[in-house]
Amino acid sequence: MGESILVNKDRGIATIYLNEPETLNALSMNLKYQLLDTLNEIERDNHINVVIIAGKGKAFCAGGDVKAMARDEYDPIVIKRNLEVSTSIIDKIRKMRKITIAAIHGYAAGAGLSLALSSDLIVAEEETKLILSFKNVGLTPDLGIHYHLPRIVGEWKAKEWIFKGMKLSVEEAVNYGFLIDVVPKGQSQEKAFELASELAAGPLQAFIQSKLLINSGSNLKLEDIMEKENDLHTILRATNDHKEGINAFFERRTARFSGR
């Protein structure tokens, strides 16, 4: 099995590289299984606090493996199992107790766009293209696009893009409400690491609890969310980071958070 995923760990930050550049990192089964295994391994690593997902070569991720779709015989059991691996990746990113950053460049198409949108933050190189073209192969978007897209641009625009296809530069996407940090070409990974370092130096447990509450709160009522917020405040009041923040406030200095 080739190295479809590469990992670099540095100062509490893990950078995961999609490493099938010859296919623009299309999500082959080999890549997906290795990515899921890597995410599971990093989730268990208590020394890692922030995860960056990036792509080697000319693009972040070109989406699904269309060549495999054409090559493989139709088998609904195999198709369903393969999709479950994909959805497990998205679910893991959204639920893992790490802050995740997608560092994208070139193209984030189809499932590659879903992968980026599942992250907590996105850093994108200028002129990166966001693409939806499922209509061209007679399929519906997957891996959470029907969840994320309407929440960003509204139901009507989401349906228009799904029906007609979509190809936006990240600059255009920002105008539609995508919260993407656009950086010069060649700097997405560097800027993502700077952002990751800034977050890693902050009150990580508070950040992570907010992430988990936001990602699980879509179907909750206001009073349910407020109850969960109260529980989180009660727990976080006992953390070293909270105590350090209070001390720094009264001592009029910058807090030195430890993530504990």
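Keep in mind it's a predicted model, so treat the numbers as computed, not measured.

Engineer: Please explain the sheet that holds strand E7 (residues 129–132) as it appears in this structure.
Structural biologist: Strand order in this open sheet of 3 strands is E5-E7-E8, and the pairing throughout is mixed. Either end of the sheet is taken by a strand with one partner, and the two such strands are strand E5 (107–109) and strand E8 (166–169). Direction aside, the axes of adjacent strands within the sheet are offset by 15 degrees on average.

Engineer: Hey, could you run me through the packing of aromatic side chains in this one?
Structural biologist: The description of an aromatic ring pair rests on the distance of the ring centres and on the angle between the ring planes. Under the counting rule described, the total for this entry stands at 3 aromatic pairs. Ring geometry for Phe-249 and Phe-250: centres 5.2 Å apart, planes at 85 degrees, overall edge-to-face. As far as the burial class goes, Phe-249 and Phe-250 line up, both exposed. A network of ring pairs unites the aromatic residues Trp-161, Tyr-176 and Phe-178 as a single cluster. The ring of Tyr-17 has Lys-56 lying over it, and the distance from NZ or CZ to the ring centre is 4.2 Å. It is Arg-151 that lies over the ring of Tyr-147; its NZ or CZ is 3.7 Å from the centre.

Engineer: Help me out: how do you make sense of the pattern of salt bridges in this one?
Structural biologist: When their charged atoms lie close together, side chains carrying opposite charge are able to pair. With the rule as written, the count across this model stands at 12 salt bridges. Where Glu-244 meets Arg-253, a salt bridge forms, and the shortest distance between an N and an O atom there is 2.6 Å. Assessed through its relative accessible area of 14%, Glu-244 is described here as buried. A single network of salt bridges, built from pairs that share partners, joins Lys-9, Glu-41 and Asp-45.

Engineer: In this structure, what is going on with a nonpolar patch on the surface? I would like to understand it.
Structural biologist: The grouping of Val-66, Met-69, Val-137 and Leu-139 at the surface amounts to a nonpolar patch, some 360 Å² of accessible area in total. Residue placement: Met-69 occurs in helix H2 (residues 66–71). The partly exposed category is assigned to Met-69, whose relative accessible area is 49%.

Engineer: What's the story with the nonpolar core in this structure? I'm lost.
Structural biologist: Taken as a class, soluble globular proteins show a tendency for nonpolar side chains to be buried jointly. Leu-18, Phe-60, Ile-104, Leu-115, Leu-130 and Phe-178 are the most contacted members of the largest nonpolar core, which totals 46 residues. Filtering out sequence-adjacent residues up to four positions away, Leu-18 remains in contact with Ser-4, Ile-5, Asn-25, Leu-31, Leu-35, Ile-53, Ala-54, Gly-55, Lys-56, Phe-60, Cys-61 and Leu-115. With 17 residues, the next largest nonpolar core counts Val-50, Val-123, Ile-208 and Leu-212 among its residues.

Engineer: For this particular structure, what's the right way to read the environment of Asn-19?
Structural biologist: By the secondary structure assignment, Asn-19 is in the loop between strand E2 (13–18) and helix H1 (29–43). In sequence terms Asn-19 and Glu-171 are 152 residues apart; their C-alpha atoms lie 26 Å from each other. When near neighbours in sequence (up to four residues on either side) are disregarded, Asn-19 contacts Glu-3, Ser-4, Ile-5, Leu-6, Asn-25, Leu-31 and Lys-56.

Engineer: What's the story with the sheet that holds E2 in this structure? I'm lost.
Structural biologist: Remark on secondary structure: sheet strands pair via backbone hydrogen bonds, oriented parallel or antiparallel. Read from one edge of the open sheet, 6 strands run E1-E2-E3-E4-E6-E9, paired in mixed fashion. The open sheet has two free edges, formed respectively by strand E1 (5–10) and strand E9 (180–183), since each of these has just one partner strand. Each adjacent strand pair in this sheet contributes to an overall mean axis angle of 20 degrees, direction not counted. Sheet topology places strand E4 (residues 99–104) next to strand E6 (residues 121–125); 4 bridges connect them, and they run parallel. Residue pairing for E6: Ile-101 is matched across the bridge by Leu-121.

Engineer: Got a minute to help me understand the side chain of Thr-15 in this structure?
Structural biologist: Residue placement: Thr-15 occurs in strand E2. Beyond its immediate stretch of four places on either side in the chain, Thr-15 contacts Leu-6, Val-7, Asn-8 and Ile-52.

Engineer: I would appreciate a short explanation of the side chain of Ser-119 in the present structure.
Structural biologist: In this structure, Ser-119 sits in the loop between helix H4 (111–117) and E6. Judged by its relative accessible area of 9%, Ser-119 is buried. Polar side-chain contacts of Ser-119 include one of 3.5 Å to the backbone oxygen of Leu-115. Other than its neighbours up to four places away in sequence, Ser-119 contacts Ile-93, Thr-100, Ile-101 and Ala-102.

Engineer: Looking at this model, I keep getting lost on the environment of Ile-180. Mind explaining?
Structural biologist: Along the chain, Ile-180 falls in strand E9. By relative accessible area, Ile-180 is classed as buried at 11%. The spacing of Ile-180 and Ala-102 is 78 residues in sequence and 9.8 Å in space, taken between C-alpha atoms.

Engineer: Sorry, what's going on with the environment of Thr-239 here?
Structural biologist: Relative to the helices and strands, Thr-239 is located in the loop between helix H10 (222–236) and helix H11 (240–251). Taking relative accessible area as the criterion, Thr-239 reaches 14% and is therefore assigned buried. Note: C-alpha distance between Thr-239 and Arg-260 (21 residues apart in sequence) is 5.9 Å. At 2.7 Å, the side chain of Thr-239 and the backbone oxygen of Leu-236 are in polar contact.

Calculation rules
Residues numbered from 1 in each chain as written. Predicted model: local features only at pLDDT ≥ 70, side-chain atom pairs only at ≥ 80, totals over all residues. Heavy atoms only, no water. Pairing = 2+ DSSP bridges. Helix = DSSP H or I, 4+ residues; strand = E, 2+ residues; numbered from the N terminus. Axes fitted to C-alpha atoms, helices over the stretch in contact; angles between N-to-C directions. Phe/Tyr/Trp six-rings, centres within 6.5 Å; stacked < 30°, edge-to-face > 60°. Buried < 20%, exposed > 50% of the residue type's maximum accessible area, 1.4 Å probe, protein only. Lys NZ or Arg CZ within 6 Å of the ring centre and 35° of its normal. Salt bridge = Lys/Arg side-chain N within 4 Å of Asp/Glu carboxyl O. Patch = residues over 30% accessible without salt bridge, like charges linked within 9 Å, V, L, I, M, F, W, Y side chains within 5 Å. Areas by Shrake-Rupley, 256 points an atom, 1.4 Å probe, with all protein chains shown as cover. Core = buried A, V, L, I, M, F, W, Y, C linked by side-chain atoms within 4.5 Å. Contact = heavy atoms within 4.5 Å. Polar contact = N/O pair within 3.5 Å; in protein donor to acceptor, adjacent residues only side chain to side chain.

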